[in-house]
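# Coordinates in review
Residues per chain, in single letters:
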Amino acid sequence: MDSNVKPQQGRRAFEMDVKAIRANARNNLDKGAITETYTADRDTVLKLLNDALATELVCVMRYKRHHYMATGIHAEPVAAEFALHADQEMQHADSIAGRIVELGGEPDFSPDTLTARSHAEYVPGTDLHDMIKEDLVAERIAIDSYRKMIKYIGDGDATTRRMLEEILAVEEEHANDMADLLQRG
Ligand SMILES: [Fe+2]
Ligand SMILES: [Fe+2]
């Protein structure tokens, strides 16, 4: 059975071989959500996601450190902002780890290799100004690396791309927040 709809003049036809789709769906059941139409390179996507997971985990730890070390006259609202960002980075790590499993991979939480795999660095920061600056740098690194991943994935894996796009939007908010704080300080 083919579910082909005749297009309006000048438009592209929608063609779908349902029989083939049904047959393919029965093959490779062990691959779960990875079906015939998944055109991304799964191993590369898993590697990218595990590096992103490492980045998010390092960001959680850096923001946590900054939250607890924030002192001085303007510290309170800034410390609260650091805590919020730490929570949001953890949510990103959770989304990424969940997607890795959906793709049939294993999330790498190994602390031994975390900083080596992370795009952003763990900079402890000394004073408040320094911490905010280092967080802004890390956010800008995250923004660029997510943008590159999104571009690479393209149409091959729409769900992973959409997740990364949502994370990217939050990283842009984070960078804005840090830039605002830097200007105020
Ligand atoms: Fe994040
Ligand atoms: Fe962030």
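Each value, and the rule that gives it
- Residues numbered from 1 in each chain as written.
- Chains lettered and ligands numbered in written order.
- Predicted model: local features only at pLDDT ≥ 70, side-chain atom pairs only at ≥ 80, totals over all residues.
- UniProt positions renumbered as here; feature names shortened; annotations may be inferred.
- Helix = DSSP H or I, 4+ residues; strand = E, 2+ residues; numbered from the N terminus.
- Contact = placed C-beta atoms within 7 Å.
- Core = buried A, V, L, I, M, F, W, Y, C linked by C-beta atoms within 7 Å.
- Buried ≥ 20, exposed ≤ 12 C-beta atoms within 10 Å, placed from the backbone.
- Expected span 1.5 Å × (residues − 1).
- Axes fitted to C-alpha atoms, helices over the stretch in contact; angles between N-to-C directions.
- Parallel < 35°, antiparallel > 145°, perpendicular 65-115°, else oblique.
- Left-handed = near helix turned anticlockwise from the far one by under 90°.
- Nonpolar A, V, L, I, M, F, W, Y, C, P; charged D, E, K, R; others polar.

## So, the UniProt feature "binding site: Fe cation" (unreviewed entry) in the chain
On the UniProt side, "binding site: Fe cation" (unreviewed entry) is annotated at positions that read Glu 56, His 92, Glu 139, Glu 171 and His 174 here. Across 119 residues in sequence, these annotated residues keep their C-alpha atoms within 13.1 Å of one another, forming a single compact spot. Its place among the elements puts His 92 in helix α3 (residues 75–102). Ignoring sequence-local partners within four residues, the contact set of His 92 consists of Glu 56 and Ile 167. Within the element layout of this structure, Glu 171 appears in helix α6 (residues 158–184).

## A look at the environment of Tyr 68
Mapped onto the secondary structure, Tyr 68 falls in helix α2 (residues 42–69). In sequence terms Tyr 68 and Phe 82 are 14 residues apart; their C-alpha atoms lie 8.9 Å from each other.

## Description of the nonpolar core
Membership of the largest hydrophobic core comes to 34 residues, with the highest contact counts inside it found for Val 45, Leu 49, Leu 53 and Ile 96. Among the elements of the structure, α2, α3, α5 (128–153) and α6 are those that each provide at least two residues to this core. The leading source of residues in this core is α2, at 11 residues. Every residue in contact with Leu 53, bar those within four places of it in the chain, is listed here: Ala 93, Ile 96, Ala 97, Pro 107 and Asp 108.

## Things to note about the environment of Glu 173
Tracing the sequence through the fold places Glu 173 in helix α6. You can call Glu 173 partly exposed: it has 13 C-beta atoms within 10 Å. The spacing of Glu 173 and His 85 is 88 residues in sequence and 9.9 Å in space, taken between C-alpha atoms.

## With respect to α3
Compared with an ideal rise of 1.5 Å per residue, which puts 28 residues at 40 Å, α3 spans 41 Å between its outermost C-alpha atoms and is within 8% of the ideal. Along α3, the residues classified as buried are Val 78, Glu 81, Phe 82, His 85, Glu 89, His 92, Ala 93, Ile 96, Ala 97, Arg 99 and Ile 100. Elements in contact with the buried residues of α3: α2, α5 and α6. Positive backbone phi, approximately 85 degrees, marks Gly 104, located one or two places after α3.

## Points about unusual backbone geometry
Non-glycine residue Asn 28 carries a positive phi angle of around 50 degrees. Position of Asn 28 relative to the elements: it lies in the loop between α1 (18–26) and α2.

## Considering the packing of α5 against α6
Put simply, α5 and α6 touch, their axes get as near as 8 Å, and they point 155 degrees apart. Classed by the angle they form, the pair α5 and α6 counts as roughly antiparallel. Seen from above, α5 lies across α6 with left-handed handedness. The residue makeup of the contact of α5 with α6, split by class, is 16 nonpolar, two polar and nine charged.

## With respect to the packing of α3 against α6
Two elements in contact, α3 and α6, have axes separated by 11 Å at closest approach and are oriented at 165 degrees. Viewed along their axes, α3 and α6 adopt a mutual orientation that is roughly antiparallel. The chirality of how α3 crosses α6 is left-handed. Across the interface between the two elements, Val 78, Glu 81, His 85, Gln 88, His 92, Ser 95 and Arg 99 from α3 touch Thr 160, Met 163, Ile 167, Val 170, His 174, Asp 177 and Leu 181 from α6. Each residue belonging to the contact of α3 with α6 can be placed in one class, and the counts come to five nonpolar, six polar and three charged.

## Concerning α5
The α-helix winds at 3.6 residues per turn, so residues separated by three or four positions along the chain end up facing the same way. In this model α5 runs 37 Å from its N-terminal to its C-terminal C-alpha over 26 residues, within 8% of the 38 Å that 1.5 Å per residue would give. Among the residues of α5, those classed as buried are Leu 128, Met 131, Ile 132, Glu 134, Asp 135, Ala 138, Glu 139, Ala 142, Ser 145, Tyr 146, Met 149 and Ile 153. Where α5 is buried, its residues contact α2, α3 and α6. Gly 154 lies just past α5 and shows a positive phi near 50 degrees.

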